[in-house]
Amino acid sequence: MLSKVQRSLHLKHLPVTVEAFDISHLSGTQTVASMVCWIRNHAARQHYRKYRLQGIGGPDDFASMREVLNRRYRRTLSGEMPLPNLILIDGGKGQVNVARKVLDDIGIPLERIDLIGLAKGRSERRRLRGGSRLADFEYIVKPNMKNEIRPHRNSPELHFLQNIRDESHRFAIQFQRQLKRSENLHSVLEDIPGVGSERRRMLLRHFGSLKSLKQAEPEELLRVPGISRKLADQIYIFFNSSSKRRPAEVKT
């Protein structure tokens, strides 16, 4: 499979190690990036990385890609992390040009690494069974190549790239949802009297979700470091005062 990918995409190196990047945001906010790693056509989850991008104003995928690639590949200069054989970008010519510029600025020549982008193509009309319909396609772009590479939609080489690209997208969305859940829980906890930033952090770490925290009994809340009996009762009453449930009686 790796040899087929190398031949069909005219790569300089056998893609034994592939690193793929994806950018995700919610209406321009909470921009995150993911990096997934593939080694010998298998996911190497121990090498996955996720990035929270702070200095990006609005949904700027180019600036986001520039930041995450800088953060990842500047570490290769100190020898902390080795270079992959292939970098896969979710995007077209614009994203690939950004990635190439980052590598140039860092001092990583394209002779040492292959760089490609996988993008969704514009719909085109195809004749099927005597009729016609609009069909999407995916294509591959490379630096210094004028024309795109359009592999057959059922080719194993395309499936190889799609699997990696889809995994990077899934990992980015998963990270974004985790941040959203934590943000929602954090904002709710701010309304509870006596729960400061350190206690919020401990509650977030212990329960992980707002649903779990709402369902917690006072005895469960007491297991969180820094939560006293009085504060456990306050948290319990805060989440249950509008329901029919009554707070547990506390012996004093």
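As the structure is a prediction and not an experimental result, all values here were calculated from the model.

Conventions and cut-offs
Residues numbered from 1 in each chain as written. Predicted model: local features only at pLDDT ≥ 70, side-chain atom pairs only at ≥ 80, totals over all residues. Heavy atoms only, no water. Helix = DSSP H or I, 4+ residues; strand = E, 2+ residues; numbered from the N terminus. Buried < 20%, exposed > 50% of the residue type's maximum accessible area, 1.4 Å probe, protein only. Contact = heavy atoms within 4.5 Å. Areas by Shrake-Rupley, 256 points an atom, 1.4 Å probe, with all protein chains shown as cover. Core = buried A, V, L, I, M, F, W, Y, C linked by side-chain atoms within 4.5 Å. 1 Å grid on protein atoms, 1.4 Å probe; cavity = no way out; pocket = protein on both sides within 12 Å on 5 of 7 lines; lining within 4 Å. Points joined across faces, edges and corners; volume = space filled by probe spheres on them. Nonpolar A, V, L, I, M, F, W, Y, C, P; charged D, E, K, R; others polar. Salt bridge = Lys/Arg side-chain N within 4 Å of Asp/Glu carboxyl O. Phe/Tyr/Trp six-rings, centres within 6.5 Å; stacked < 30°, edge-to-face > 60°. Axes fitted to C-alpha atoms, helices over the stretch in contact; angles between N-to-C directions. Left-handed = near helix turned anticlockwise from the far one by under 90°. pLDDT = per-residue confidence, 0-100.

S.K.: Mind laying out the overall build of the protein chain, listing which residues take part and the relevant values?
M.R.: A count of helical and extended segments in the protein chain gives 8 helices and 9 strands. A burial count over the protein chain gives 44% of its 252 residues as buried. Summarising the internal contacts of the protein chain: among those between residues at least 6 apart in sequence, 54% fall at separations of at least 24. Surface exposure of the protein chain reaches about 14,400 Å², of which carbon and sulfur atoms provide 48%.

S.K.: So what about the nonpolar core? Which residues, and what values?
M.R.: Core analysis: the biggest nonpolar cluster contains 26 residues, and F21 and L69 have the highest contact counts within it. Among the secondary structure elements, those contributing two or more residues to this core are β1 (17-26), β2 (29-39), α2 (61-73), β5 (86-90), α3 (93-106), β6 (114-120) and β9 (138-141). Top element by residues in this core is α3. It accounts for 6 residues. Not counting the four nearest positions on each side in its chain, L69 is found in contact with F21, R74, I89, A99, V102 and I106. Of all hydrophobic cores here, the second largest spans 21 residues; its members include V36, L86, I116 and L158.

S.K.: Summarise the layout of surface pockets; cite the residues concerned and give the values.
M.R.: Roughly 230 Å³ of volume is contained in the largest pocket. As for the largest pocket, its lining consists of F21, D22, I23, D61, M65, D90, G91, Q95, K120, R165, D166 and H169. When the residues that make up the lining of the largest pocket are grouped by side-chain class, the tally is 3 nonpolar, 3 polar and 6 charged. Volume-wise, the second largest pocket comes out at about 160 Å³. Counting residues per element, the lining of the second largest pocket draws most heavily on β2, which supplies 3 residues. For the lining of the second largest pocket, the residue count by class is 7 nonpolar, 2 polar and 3 charged.

S.K.: So what about the environment of S64? Which residues, and what values?
M.R.: Locating S64 in the fold gives a position in helix α2. Considering only alpha carbons, one finds S64 and S24, 40 residues apart in sequence, at a separation of 9.3 Å.

S.K.: Describe the pattern of salt bridges, with residues and values.
M.R.: Side chains bearing opposite charge may pair, as long as their charged atoms lie close to each other. Taken as a whole and assessed by the stated rule, the structure comprises 11 salt bridges. Residue R150 is joined to E148 by a salt bridge in which the shortest nitrogen-to-oxygen separation is 3.2 Å. E219 is paired through a salt bridge with R229; the nearest N and O atoms lie 2.7 Å apart. Highlighted residues: E219 in helix α7 (residues 218-221) and R229 in helix α8 (residues 229-240), separated in sequence by 10 residues. Judged by its relative accessible area of 33%, R229 is partly exposed.

S.K.: Just give me the short version of the packing of aromatic side chains, but keep the residues and values in it.
M.R.: Applying the stated criterion to the full structure yields 4 aromatic pairs. Between F21 and Y73, the ring centres sit 5.8 Å apart and the planes meet at 65°, which makes this aromatic pair edge-to-face. Taken together, the positions of F21 in strand β1 and Y73 in helix α2 put the pair 52 residues apart, joining distant regions of the chain. Comparing F21 with Y73 shows no difference in burial state: the two are buried.

S.K.: Just give me the short version of the packing of α2 against α3, but keep the residues and values in it.
M.R.: As a packed pair, α2 and α3 sit with axes 9 Å apart at the nearest point and diverge in direction by 35°. Where α2 crosses over α3, the handedness of that crossing is right-handed. The segment α2 lies against α3, with F62, M65, R66, L69, N70 and Y73 engaging G94, Q95, V98, A99, V102, L103 and I106.

S.K.: Describe in detail unusual backbone geometry, supporting the description with residues and values.
M.R.: Positive phi values are uncommon outside glycine, yet R40 reaches one of about 50°. Phi angles above zero are rare outside glycine, and N41 is one such case at about 65°. Turning to its location among the elements, N41 is positioned in the loop between β2 and β3 (42-43).

S.K.: Which residues make up the environment of L110, and what values do they have?
M.R.: Along the chain, the position of L110 falls in the loop between α3 and β6. On the accessibility criterion, L110 (13% relative accessible area) is buried. Sequence separation between L110 and P143 is 33 residues; the distance between their C-alpha atoms is 8.9 Å. Discounting residues that sit within four places of it in the chain, L110 has contacts with K12, R100, L103, L115, P143 and N144.

S.K.: Requested: an account of the confidence of the model for the protein chain, with residues and values cited.
M.R.: Close inspection of predicted coordinates is inappropriate for parts of the model with low pLDDT. On average, residues of the protein chain carry a pLDDT of 83, and 83% of them reach 70 or more. Taken as a whole, residues 243-252 scores under 50 in pLDDT and shows 10 contacts with residues more than four places along the chain or in a different chain.

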